[in-house]
Amino acid sequence: MASKTSGNWKGWAQFAVAIAALIVLPFFLYPVFLAKVLCFALFAAAFNLLLGFAGLLSFGHAAFFGFSAYVSAHAAKEWGFTPELAILAGTVVAAFLGAVIGLLAIRRQGIYFAMVTLALAQMVFFICIQAPFTHGEDGIQGVPRGHFLGIVDLESNFAIYYFVLAVFLIGVMVIYRTVHSPFGQVLKSIRENEPRAISLGYDADRYKLMAFILSATIAGMAGSTKVLVFKLASLTDVAWQMSGEVVLMTILGGVGTMLGPIVGASIIVTMQNYLAEVGQLTLIIQGLVFMFCVLLFRRGIVGEIKHRWTQMRGGKDEPAHLSPGKATGETDGAPVTHG
Amino acid sequence: MTDIAIETEGLTKQFGGFYAVQGVNLQVKRHTIHALIGPNGAGKSTCFNLITKFLQPSSGKIRLNGQDITTTKPAALARRGMVRSFQISSVFPHLTCAENVRVALQRQMHNSFKFWKPESVLHELDDEVDEILKSVGLWDMRGAMAVELSYGRKRLLELATTLALKPEVLLFDEPMAGMSTGDIQMVVDLIRKAAEGRTVLMVEHNMGVVADLSDTITVLQRGQVLAEGSYEEVSNNPEVRAAYMGGHA
C-alpha cells in the first residue's frame with residue numbers, strides 16, 4: 001500500500017511512453033497494418049474482459065465482431081452515416097446482440113457455455129449469409145471512410161490510423177475502468193469462487209450477463225472500426241474461425257492481464273501479414289507457436305513476464321490459474337484451487 | 001417476530017428413488033447455537049444445502065423468521081441476513097485477504113454494478129476491513145493472496161468474510177473439518193463470540209466442539225430426525241448411541 005502513489009506515477013509514465021510510441025509508429029510502419037493490429041487488439045481485449053475477469057470462455061465472439069461490422073458498413077455506405085455514428089450504430093447493435101446471446105448462454109457453465117455461444121454465433125453467421133443487406137459472399141464492399149464529425153477526411157491512411165487509435169484507447173480505457181471498478185471486484189470474486197460469491201448475496205448470473213454485454217459491445221466496436229479501415233465487411237469477420245482466433249490471441253498474450261491480449265493480437269496479426277506469402281503454412285506456423293507457448297509459458301507471454309518479474313522482486317504472485325481451465329472444466333496444470 | 005429463526009416443515013429431498021432427507025421438522029430458536037449431527041450419509045449436508053437453498057427441496061417448507069423462503073434464491077437469502085459457510089474452506093484464492101473481506105462489505109455500498117466507478121471508492125471500507133481482519137488475527141496477512149494461507153487461516157478468513165456481512169443467521173458446514181487442534185479452540189472461541197445476538201446452525205463432526213458450543217442438538221439418521229435435545233439428553237439416548245456405534249445399546 002505504501003508504494004501505491006509511486007506505483008501510480010510509474011504506471012502513468014509507462015502509459016505516456018506507450019501513447020507516444022503509438023503516435024510515432026505509423027511513420028515507420030504501414031498505417032493500415034497498424035490500424036488492423038489495433039482493431040484486433042481491441043477485439044482481444046474485449047474478449048479477455050470475459051475470459052480473464054469473469055472466467056467465461058465464449059466461443060462466439062465473432063458474432064459481435066462480424067455482425068457489427070455489417071451494421072456499421074451498411075450504415076456508412078447506404079445511409080451515409082459519418083464514421084463515428086457508423087461505429088456507434090455497430091456498437092449499439094452488438095450490445096443488444098450481446099444481451100440476447102448472453103441471456104441464453106449465461107445459465108450454462110464451462111464447456112456448455114462455450115457450446116451455446118458457438119451455436120448462437122453460427123445462427124448469426126447464417127443470418128449474415130442469407131440476409132440481403134450483407135450481400136452474401138460478396139460482403140459489403142467499398143465502404144466509404146467518410147469525414148470524422150463531417151469535417152476531417154479519413155481517406156488518408158494516417159488519418160484513419162489516428163482515428164482508430166482514438167477508438168482503441170477509448171475501448172481499452174472502458175475495459176480498464178470496468179476491471180478496476182466495484183463491479184470488477186465482484187466479477188473477480190465470482191470468477192474465483194462462484195458459490196461463495198452467491199452465498200455473500202451476489203446474483204452471479206446478473207454480473208456475468210453484465211460482463212458479457214460489455215465484452216460484446218466492445219467487440220462490436222472493434223468490428224465496426226475494422227470496416228472503416230478495410231472499407232469492407234465480409235463473412236470472414238463473422239465466421240467461427242474468427243471466434244477461435246480471438247481465443248488464440250488472448251491466451252497467447254496472457255489471459256487476465258491488461259496488456260496480454262494486445263500483445264497476442266499484435267503477434268498473430270503480424271504473423272498473418274508477413275507470412276502471407278507462404279500461404280497455408282501460416283496456419284501451421286501459428287499452431288506451432290501456440291503449442292510452444294502453451295507448453296512453455298502457460299500464463300501467456302505477458303502473464304509469464306509479469307510472473308517472473310514479481311517473483312524476482314519477491315512480491316505477491318499474479319494469478320497463474322487464468323488459463324481457460326475453469327471455463328472448460330479442466331485445470332491444465334495450473335490448478336484452480338477452491339480450497 | 002417469533003422466537004424461531006429457522007423452521008422446516010416436512011422437509012424432503014429425493015434423488016431418484018433415494019430419500020436423502022425425509023420429513024425433517026427442525027426448529028432453530030433465535031439466538032441459540034443449534035448443531036446438526038449424525039453418522040455419515042445421514043443427510044446433514046443435504047439438509048444444510050436445502051435450508052441455504054443451494055438445493056431445492058422435493059417437498060416441505062422452510063421458513064426464516066416466520067416467512068416462507070422455500071422458493072427464495074440463495075443470493076437473495078444472503079441479502080436477508082442468512083449467510084452460510086462451506087465444508088471446504090471457501091475463499092477467493094487470487095484476491096488478497098483484505099479484498100476477500102472487502103467484497104463482502106462492498107454489498108452494502110450498493111455500487112457493485114457500477115463498472116464506471118474507480119476502485120478507489122472502495123477505500124472507504126479499508127478501516128472496517130482492517131478491524132475485521134484484526135478480530136480473527138489475520139491483519140498482518142492482509143496483503144497476501146488467500147491461496148497462500150494455511151488451511152486454518154483460510155477458514156479464519158472465510159469466517160471473517162462471513163462476519164463482515166453482519167448476518168442475523170449463520171450457517172456453518174463443518175467449520176472444524178481439517179483443522180488442527182490448536183486452531184479448533186480458536187475457531188470455537190470465534191464462533192462463540194460471533195454467535196452473540198445471532199442464530200447459528202452448524203453441521204459438525206467433532207463431538208467435543210458440539211458439546212462445547214451447542215444449546216440444542218438434532219441427530220439425523222437416514223434422512224430423518226432421530227433425537228433432539230441438549231448434549232446430555234442426546235448423548236444418553238440409547239438410539240443415538242446405537243446409530244453411532246452401529247450396535248444395540
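From a predicted model like this one, the values you see are computed outputs, not experimental measurements. (Residues numbered from 1 in each chain as written. Chains lettered and ligands numbered in written order. Predicted model: local features only at pLDDT ≥ 70, side-chain atom pairs only at ≥ 80, totals over all residues. Heavy atoms only, no water.)

Novice: Any chance you could explain the overall build of chain B here in plain terms?
Specialist: Broken down by element type, chain B carries 9 helices and 10 strands. Dimensions of chain B along its principal axes, counting C-alpha atoms only, are 60 × 40 × 35 Å. The burial tally for chain B puts 55% of its 249 residues in the buried class. By sequence separation, contacts in chain B at least 24 residues apart represent 65% of the contacts at least 6 residues apart. Of the accessible surface of chain B, which amounts to about 10700 Å², a share of 50% is contributed by carbon and sulfur atoms. Between the averaged position of the 26 positive side-chain charges in chain B and that of its 28 negative side-chain charges there is a distance of 6 Å. (Helix = DSSP H or I, 4+ residues; strand = E, 2+ residues; numbered from the N terminus. Buried < 20%, exposed > 50% of the residue type's maximum accessible area, 1.4 Å probe, protein only. Contact = heavy atoms within 4.5 Å. Areas by Shrake-Rupley, 256 points an atom, 1.4 Å probe, with all protein chains shown as cover. Lys, Arg positive; Asp, Glu negative; His and termini not counted. Charge placed at Lys NZ, Arg CZ, Asp CG, Glu CD.)

Novice: Would you mind going over the interface of chain A and chain B with me for this structure?
Specialist: Where the parts come together, the accessible area they lose is often given as the size of the interface. Listed as interface residues are 35 residues of chain A and, on the opposing side, 45 residues of chain B. For the pairing of chain A and chain B, the buried interface totals around 3500 Å² over both sides, and the portion due to carbon and sulfur atoms is 61%. Of the charged contacts in the structure, one is a salt bridge between R79 of chain B and D203 of chain A, with a shortest N-O distance of 3.2 Å. There are 16 residue pairs in polar contact (both at pLDDT 80 or more) connecting chain A and chain B. Looking at the side of chain A that touches chain B element by element, the count peaks at 7 residues for helix α7 (residues 182-192) of chain A. Of the residues assigned to the side of chain A that touches chain B, the class counts are 14 nonpolar, 12 polar and 9 charged. (Buried area = accessible area lost by both parts, 1.4 Å probe. Salt bridge = Lys/Arg side-chain N within 4 Å of Asp/Glu carboxyl O. Polar contact = N/O pair within 3.5 Å; in protein donor to acceptor, adjacent residues only side chain to side chain. Nonpolar A, V, L, I, M, F, W, Y, C, P; charged D, E, K, R; others polar.)

Novice: Teacher, can you tell me more about the side chain of S58 of chain A here?
Specialist: In this structure, S58 of chain A sits in the loop between α2 (31-54) and α3 (61-77). Ignoring anything within four residues of it in the chain, the contact list for S58 of chain A reads F47, L50, F113, T117, F212 and V247 of chain A.

Novice: When you look at the layout of surface pockets in this model, what are you seeing that I'm missing?
Specialist: Vacant regions in the atomic arrangement are exposed by a probe of water-molecule size rolled over the atoms. Of the volumes computed, that of the second largest pocket is approximately 360 Å³. Forming the walls of the second largest pocket are 18 residues, and the residues nearest its centre are I198, D203, A204 and D205 of chain A together with K73 of chain B. Counting only elements with at least two residues in the lining of the second largest pocket, the list comes to α8 (194-199) and α9 (204-230) of chain A together with α2 (74-79) of chain B. In terms of residue count, α9 of chain A provides more of the lining of the second largest pocket than any other element does, 4 residues in total. Each residue belonging to the lining of the second largest pocket can be placed in one class, and the counts come to 9 nonpolar, 2 polar and 7 charged. (1 Å grid on protein atoms, 1.4 Å probe; cavity = no way out; pocket = protein on both sides within 12 Å on 5 of 7 lines; lining within 4 Å. Points joined across faces, edges and corners; volume = space filled by probe spheres on them.)

Novice: Can you walk me through the nonpolar core in this structure?
Specialist: Soluble globular proteins tend to bury their nonpolar side chains together. Counting 153 residues, the largest nonpolar core has F168 of chain A together with V101 and L157 of chain B as its most contacted members. With 20 residues, the top contributor of residues to this core is α2 of chain A. When near neighbours in sequence (up to four residues on either side) are disregarded, V101 of chain B contacts V129, I132, L133, L157, A160, T161 and A164 of chain B. Counting 23 residues, the second largest nonpolar core, distinct from the first, contains L11, V21, L50 and I62 of chain B. (Core = buried A, V, L, I, M, F, W, Y, C linked by side-chain atoms within 4.5 Å.)

Novice: Is there a simple way to explain the sheet that holds strand β8 (residues 199-203) of chain B in this structure?
Specialist: Residue and element names in this part refer to chain B. The 6 strands are arranged β6-β7-β8-β3-β9-β10 in an open sheet whose pairing can be described as mixed. Each edge of the sheet is formed by a strand with only one pairing partner; in this case those strands are β6 (82-84) and β10 (224-229). Direction aside, neighbouring strands of the sheet carry axes that sit 15 degrees apart on average. (Pairing = 2+ DSSP bridges. Axes fitted to C-alpha atoms, helices over the stretch in contact; angles between N-to-C directions.)

Novice: How should empty space enclosed by the protein be read in this particular structure?
Specialist: Residue and element names in this part refer to chain B. Enumeration over the complete set of coordinates arrives at 4 cavities of 30 Å³ or more. The calculated volume of the second largest cavity comes to roughly 80 Å³. Around the second largest cavity, the lining residues are S85, R155, L156, E158, L159, F172, P175, M179, V187 and I191. For the lining of the second largest cavity, the leading source of residues is helix α5 (residues 151-164), giving 4 residues.

Novice: Even after reading the chapter, I still don't get the sheet that holds strand β4 (residues 59-64) of chain B, so can you show me in this structure?
Specialist: Note on sheets: strands pair through backbone hydrogen bonds, and any given pair is parallel or antiparallel. All names here are of chain B. With antiparallel pairing, the 4 strands of this open sheet are ordered in space as β2-β1-β4-β5. Either end of the sheet is taken by a strand with one partner, and the two such strands are β2 (18-29) and β5 (67-68). Of the strand pairs in this sheet, strand β1 (residues 4-15) and β2 are connected by 8 bridges, and their pairing is antiparallel. By the bridge assignment, E7 is partnered in β2 with Q27. Across the sheet, helix α1 (residues 44-51) lies against β1, β2 and β4, angled at about 120 degrees from β1, the strand it touches most.

Novice: Mind showing me how you'd approach the pairing of strand β9 (residues 216-221) of chain B here?
Specialist: Each regular strand displays side chains that alternate between the two surfaces of the sheet. Residue and element names in this part refer to chain B. Most of β9 sits inside the fold, with 6 of its 6 residues counted as buried. Burial of the side chains of β9 extends over both faces: T216, T218 and L220 are buried on one face and I217, V219 and Q221 on the other. Bridge analysis of strand β3 (residues 33-37) against β9 gives 4 bridges, and the strand direction is parallel. Residue pairing for β9: L36 is matched across the bridge by T218. Counting the residues between successive antiparallel strands, the hairpin from β9 to β10 contains 2 residues, one of them, R222, with a positive phi of roughly 45 degrees.

Novice: How do you make sense of α9 of chain A when you look at a structure like this?
Specialist: A turn of α-helix holds 3.6 residues, and therefore any two residues three or four places apart point the same way. All names here are of chain A. With 27 residues, α9 extends 39 Å between its outermost C-alpha atoms, agreeing within 8% with the 39 Å of an ideal straight helix rising 1.5 Å per residue. Most of α9 is tucked away: 22 of the 27 residues are buried. K231 sits one or two positions beyond α9 and adopts a positive phi of about 60 degrees. (Expected span 1.5 Å × (residues − 1).)

Novice: Please clarify how unusual backbone geometry should be interpreted in this entry.
Specialist: A negative phi angle characterises most non-glycine residues, just as the trans form characterises most peptide bonds. In this structure, K231 of chain A is a non-glycine residue whose phi angle is positive, near 60 degrees. Along the chain, K231 of chain A falls in the loop between α9 and β4 (232-233). A positive phi is found at K166 of chain B, a non-glycine position, where the angle reads about 45 degrees.

Novice: I'm lost on the pattern of salt bridges in this one. Help?
Specialist: It is possible for side chains bearing opposite charge to pair when their charged atoms get close. By the definition in use, this model includes 15 salt bridges over all chains. For R30 of chain B, the salt bridge goes to E168 of chain B, with nearest N and O atoms at 3.3 Å. Remark: E168 of chain B occurs in the loop between α5 and β7 (169-173) and R30 of chain B occurs in the loop between β2 and β3; sequence separation between them is 138 residues. Salt bridges linked by common partners bring D203 and R206 of chain A together with R79 of chain B together as one network.

Novice: Is there a simple way to explain the packing of aromatic side chains in this structure?
Specialist: Any aromatic ring pair is given by two values, namely how distant the centres are and how the planes are angled relative to each other. In total, this model carries 20 aromatic pairs over all chains according to the counting rule given. Between the aromatic rings of Y207 of chain A and F113 of chain B, the centroid separation amounts to 4.3 Å while the plane-to-plane angle is 5 degrees, which identifies the pairing as stacked. Of this pair, Y207 of chain A sits in helix α9 while F113 of chain B sits in the loop between α3 (97-106) and α4 (126-135), placing the two residues on different chains. Take Y207 of chain A: its relative accessible area is 5%, and that puts it in the buried class. Relative to F86 of chain B, the ring of F54 of chain B lies with its centre 5.7 Å away and its plane at 85 degrees, an arrangement referred to as edge-to-face. Within this pair, whereas F54 of chain B is found in the loop between α1 and β4, its partner F86 of chain B is found in the loop between β6 and α3, the two being separated by 32 residues in sequence. (Phe/Tyr/Trp six-rings, centres within 6.5 Å; stacked < 30°, edge-to-face > 60°.)

Novice: Is there a simple way to explain a nonpolar patch on the surface in this structure?
Specialist: Taken together, the side chains of I23, V24, F27, F28, L29, F158, Y162 and Y274 of chain A define a hydrophobic patch exposed on the protein surface, amounting to about 800 Å² of accessible area. In this structure, F27 of chain A sits in the loop between α1 (4-24) and α2. (Patch = residues over 30% accessible without salt bridge, like charges linked within 9 Å, V, L, I, M, F, W, Y side chains within 5 Å.)

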